[in-house]
Amino acid sequence: MSEFSSEWLDLREPADARARSAEIANAVAARFALRDELHILDLASGTGANLRATASLLPKKQVWKLVDHDADALDAARKRLIGWADASEIDNETLRLEKDGRDLTVTFSIADLASETNRLLDAPWQLVTASAFFDLASQDYIRALSKAVAARKAAFYAALTYNGMRQWVPHRPADNQMTAAFHRHQMRDKGVGVAAGPMAVAHIADQFRLHGYTVLEGDSAWRLERSDRMLIEELVRGHAVAVSEIGGVDDKTLLDWVKVPRTGAFVGHTDTFAVPGS
Ligand SMILES: C[S@@+](CC[C@H](N)C(=O)[O-])C[C@H]1O[C@@H](n2cnc3c(N)ncnc32)[C@H](O)[C@@H]1O
């Protein structure tokens with residue numbers, strides 16, 4: 001499975017949904033509870049998991065734009081959303097969905113966020129959101145995005161940003177060396193500048209506070225157990241591939257590390273909800 005393949009996103013979606021912070025979800029729902037309609041921009045949407053996890057928190061009528069640079073992921077999103085909805089209708093490029101009494105209008109945009117975010121923001125979005133994305137983006141990107149979101153007085157919801165905490169069960173002495181190498185790999189340029197990696201969470205909060213936003217943060221760690229065996233195995237494999245690419249861990253240590261049967265894993269994530277001051 002490649003880093004952002006639809007198979008990988010499918011595998012992680014149930015763990016992501018389970019991990020989301022209920023406290024932050026409640027704050028999102030409360031913020032928009034008195035509205036009838038909301039316009040939402042979902043950055044780096046992949047196959048649409050963020051919409052599926054967030055729609056139930058939002059008003060009865062929702063207008064979504066899903067953006068990703070991967071056309072295959074957006075095709076998969078269209079299919080997954082049709083399968084998820086109670087009823088669906090395709091009108092040219094627009095998908096109309098009914099789900100649990102809500103009406104969703106969804107459009108899709110193939111775009112490179114590194115160069116096209118400002119253009120995409122140029123619409124009356126009331127909520128800008130993303131899941132599992134900002135650790136891939138640079139600090140400059142987060143700074144510019146927060147400024148642009150604040151200029152529009154939109155709310156901001158970043159779910160499942162990796163925060164650098166990682167533990168394996170059982171623990172092995174090489175785990176720390178592997179995690180350090182993994183973070184060096186993570187903080188390379190992933191297409192949106194040199195990735196902020198584990199620093200992204202703090203940077204998001206700092207930037208939105210600078211713009212006078214109130215920022216709430218909640219824990220959304222994966223706490224994986226034996227029943228998550230496939231996800232744990234894929235995590236170990238992805239970890240090893242990243243470390244072998246970046247180097248700094250000798251081959252024997254790496255091979256021995258991969259062979260350890262893991263029965264659990266903790267992967268730290270943070271959910272952030274930021275709203276403009278009055
Ligand atoms: C870890 S996935 C998260 C996908 C989805 N939000 C989810 O929670 O399942 C990261 C997504 O970012 C997208 N992405 C990465 N760099 C991008 C860029 N420069 N422009 C647009 N999308 C990008 C990838 O294609 C991928 O779908």
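Let me sum up the structure you'll find in this document.

1. Looking at the packing of helix H5 (residues 113-121) against helix H6 (residues 139-151)
Interaxial distance between H5 and H6 falls to 10 Å at its minimum, and their mutual angle equals 5 degrees. Regarding the angle of H5 to H6, the classification is roughly parallel. For the pair H5 and H6, contact is made by Leu113, Thr117, Asn118 and Leu121 and by Tyr141, Leu145, Ala148 and Val149, respectively. Class assignment of the residues belonging to the contact of H5 with H6 gives a composition of 6 nonpolar, 2 polar and no charged.

2. A look at a negative patch on the surface
Together, Asp86, Glu89, Glu98 and Asp100 line one region of the surface with negative charge. Counting through the fold element by element, Glu89 comes out in strand E3 (residues 87-91).

3. Remarks on the site of the ligand
Taken together, 18 residues lie around the ligand, and Ala44, Asp68, Asp112, Leu113 and Ser131 are the ones closest in. A distance of 2.8 Å is found between a nitrogen atom of the ligand and a side-chain nitrogen or oxygen belonging to Asp112. Within the contact set of the ligand, an oxygen atom lies 2.5 Å away from a side-chain nitrogen or oxygen of Ser131. Split by residue class, the shell around the ligand holds 10 nonpolar, 5 polar and 3 charged.

4. So, the side chain of Thr54
Within the element layout of this structure, Thr54 appears in helix H3 (residues 49-54). For Thr54, the side chain forms a polar contact with the side chain of Arg20, separated by 3.4 Å. A polar side-chain atom of Thr54 sits 2.7 Å from the main-chain carbonyl oxygen of Asn50.

5. Here's the deal with the environment of Leu34
With respect to the helices and strands, Leu34 occurs in the loop between helix H2 (22-32) and strand E1 (37-43). Through-space distance from the C-alpha of Leu34 to that of Trp125 is 17 Å; in sequence the pair is 91 residues apart.

6. Thoughts on the pattern of salt bridges
Evaluated as defined, the whole model comprises 16 salt bridges. Note that Glu116 and Arg119 form a salt bridge whose closest N and O atoms lie 2.6 Å from each other. Taken together, the positions of Glu116 and Arg119, both in helix H5 and 3 residues apart, correspond to about one turn of that helix. For Glu116, a relative accessible area of 23% translates into the label partly exposed. The exposure class of Arg119 is partly exposed, given its relative accessible area of 49%. Note that Arg143 and Asp140 form a salt bridge whose closest N and O atoms lie 2.7 Å from each other. With Arg143 and Asp140 both in helix H6 and 3 residues apart, this pair spans about one turn of that helix. Taking the relative accessible area as the measure of exposure, Arg143 reaches 37% and is therefore partly exposed.

7. Considering helix H1 (residues 6-19)
Here H1 contains 14 residues, and its C-alpha end-to-end distance of 19 Å stays within 8% of the 20 Å for a straight helix at 1.5 Å per residue. Remark: the principal bend of H1, roughly 40 degrees, maps to Glu13, with a proline, Pro14, within the next four residues. For H1, the complete set of buried residues consists of Ser6, Trp8, Leu9, Leu11, Arg12, Glu13, Ala15, Asp16 and Ala19.

8. Remarks on unusual backbone geometry
Here the bond from Val169 into Pro170 is cis, since omega is -5 degrees, no more than 30 degrees from zero. Looking at the element boundaries, Pro170 is found in the loop between strand E7 (155-169) and helix H7 (175-186). If you check the backbone angles, Asp100 has positive phi at about 50 degrees while not being a glycine. Mapping Asp100 onto the fold places it in the loop between strand E4 (94-99) and strand E5 (102-110). Assessed through its relative accessible area of 53%, Asp100 is described here as exposed. Positive phi outside glycine occurs at Leu160, with the angle close to 60 degrees. Summarising the element assignment, Leu160 is placed in strand E7.

Calculation rules
Residues numbered from 1 in each chain as written. Predicted model: local features only at pLDDT ≥ 70, side-chain atom pairs only at ≥ 80, totals over all residues. Heavy atoms only, no water. Axes fitted to C-alpha atoms, helices over the stretch in contact; angles between N-to-C directions. Helix = DSSP H or I, 4+ residues; strand = E, 2+ residues; numbered from the N terminus. Parallel < 35°, antiparallel > 145°, perpendicular 65-115°, else oblique. Contact = heavy atoms within 4.5 Å. Nonpolar A, V, L, I, M, F, W, Y, C, P; charged D, E, K, R; others polar. Patch = residues over 30% accessible without salt bridge, like charges linked within 9 Å, V, L, I, M, F, W, Y side chains within 5 Å. Areas by Shrake-Rupley, 256 points an atom, 1.4 Å probe, with all protein chains shown as cover. Salt bridge = Lys/Arg side-chain N within 4 Å of Asp/Glu carboxyl O. Lys, Arg positive; Asp, Glu negative; His and termini not counted. Charge placed at Lys NZ, Arg CZ, Asp CG, Glu CD. Near = heavy atom within 4 Å. Polar contact = N/O pair within 3.5 Å; in protein donor to acceptor, adjacent residues only side chain to side chain. Buried < 20%, exposed > 50% of the residue type's maximum accessible area, 1.4 Å probe, protein only. Expected span 1.5 Å × (residues − 1). Bend = angle between axes of the 7 residues up to and from the residue.

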